[in-house]
Amino acid sequence: MKEYKMRRGEYLEERIPDMEGSIEEYFGPITGTEEFRGSSLHVVEEPDNPVFERIVVGAVEYSGKKDKLAVEFHERDPTELGPDELEAAADAVDAKNDFLLEATGRDAKARRDSLKRSVEDDPDHDLD
């Protein structure tokens, strides 16, 4: 499960006021929920795009901190995809990136840079 921060001064509930509607628009009908760090996340068991097997997404609430977006994309093995499904791979990447940009206000490069910084700042990752 990956967690994403919003841009400075922005909040997830402001960026995506209707989380369920946005998830269904990008990925398909929500079929259930799953607990993660005390928060209930939405599960899409049969995403519209055949590249995805399952998607878990939602807001994770932290006491005294801004909510973060938690997302886990379960994707099918590309070697198991047929020709029509391979064409859907580009749409799957676009759907992920567009959703994450809408939710976080950060493009793919900014999200990667942020993840690198969080690992560098994490004392559990000392490389001495």
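Everything that follows concerns the structure shown earlier in this document.
Residues numbered from 1 in each chain as written. Predicted model: local features only at pLDDT ≥ 70, side-chain atom pairs only at ≥ 80, totals over all residues. Heavy atoms only, no water.

To continue, consider the pattern of salt bridges. Inspection of every chain in the model, using the stated rule, returns seven salt bridges. When the shortest N-O distance is used, the salt bridge between Arg15 and Glu10 registers 2.8 Å. Notably, a salt bridge pairs Arg54 with Glu45, separated by 3.1 Å at the nearest N-O pair. What you see here is one network of salt bridges that share partners, running through Arg7, Glu10 and Arg15. (Salt bridge = Lys/Arg side-chain N within 4 Å of Asp/Glu carboxyl O.)

Consider a sheet: its strands pair through backbone hydrogen bonds, and that pairing is either parallel or antiparallel. Read from one edge to the other, the open sheet built from five strands follows the order 1-5-4-3-2, with strand pairing classed as antiparallel. The sheet terminates laterally at strand 1 (2-4) and strand 2 (32-36), the two strands that pair on one side only. Strand-to-strand twist across the sheet, computed as the mean angle between neighbouring axes with direction ignored, equals 30 degrees. Sheet topology note: the strand 2/strand 3 (residues 39-44) ladder contains five bridges and is antiparallel. Bridged to Glu35 within strand 3 is Ser40. Here helix 2 (residues 19-27) sits on the sheet and contacts strand 3, strand 4 (52-60) and strand 5 (68-75); the angle it forms with strand 3, its principal contact strand, is near 25 degrees. Strands in contact with helix 3 (residues 83-104) are strand 1, strand 4 and strand 5; relative to strand 5, the strand with the most contacts, it is inclined by about 175 degrees. (Pairing = 2+ DSSP bridges. Helix = DSSP H or I, 4+ residues; strand = E, 2+ residues; numbered from the N terminus. Axes fitted to C-alpha atoms, helices over the stretch in contact; angles between N-to-C directions. Contact = heavy atoms within 4.5 Å.)

Let us look at helix 3. An ideal rise of 1.5 Å per residue puts 32 Å on 22 residues; helix 3 measures up with 33 Å between its terminal C-alpha atoms. Maximal helix bending in helix 3 amounts to about 25 degrees, located at Ala89. Where helix 3 is concerned, the buried positions are Ala88, Ala92, Ala95, Lys96, Phe99, Leu100, Ala103 and Thr104. (Expected span 1.5 Å × (residues − 1). Bend = angle between axes of the 7 residues up to and from the residue. Buried < 20%, exposed > 50% of the residue type's maximum accessible area, 1.4 Å probe, protein only.)

Here Arg106 is to be found in the loop between helix 3 and helix 4 (108-121). The side chain of Arg106 sits in the buried core without any salt bridge; Glu10 is the nearest counter-charge, 7.6 Å away. Within the local environment of Arg106, its side chain forms a polar contact with the backbone oxygen of Met6, the two atoms lying 3.2 Å apart. (Lys, Arg positive; Asp, Glu negative; His and termini not counted. Polar contact = N/O pair within 3.5 Å; in protein donor to acceptor, adjacent residues only side chain to side chain.)

Here helix 2 crosses helix 3 at 160 degrees, and the two axes come no closer than 10 Å. In terms of axis orientation, helix 2 runs roughly antiparallel to helix 3. At the point where helix 2 passes helix 3, the crossing takes the right-handed sense. Contacts from Met19, Ser22, Ile23, Tyr26 and Phe27 in helix 2 reach Ala95, Lys96, Asp98, Phe99 and Glu102 in helix 3. Split by residue class, the contact of helix 2 with helix 3 holds six nonpolar, one polar and three charged. (Parallel < 35°, antiparallel > 145°, perpendicular 65-115°, else oblique. Left-handed = near helix turned anticlockwise from the far one by under 90°. Nonpolar A, V, L, I, M, F, W, Y, C, P; charged D, E, K, R; others polar.)

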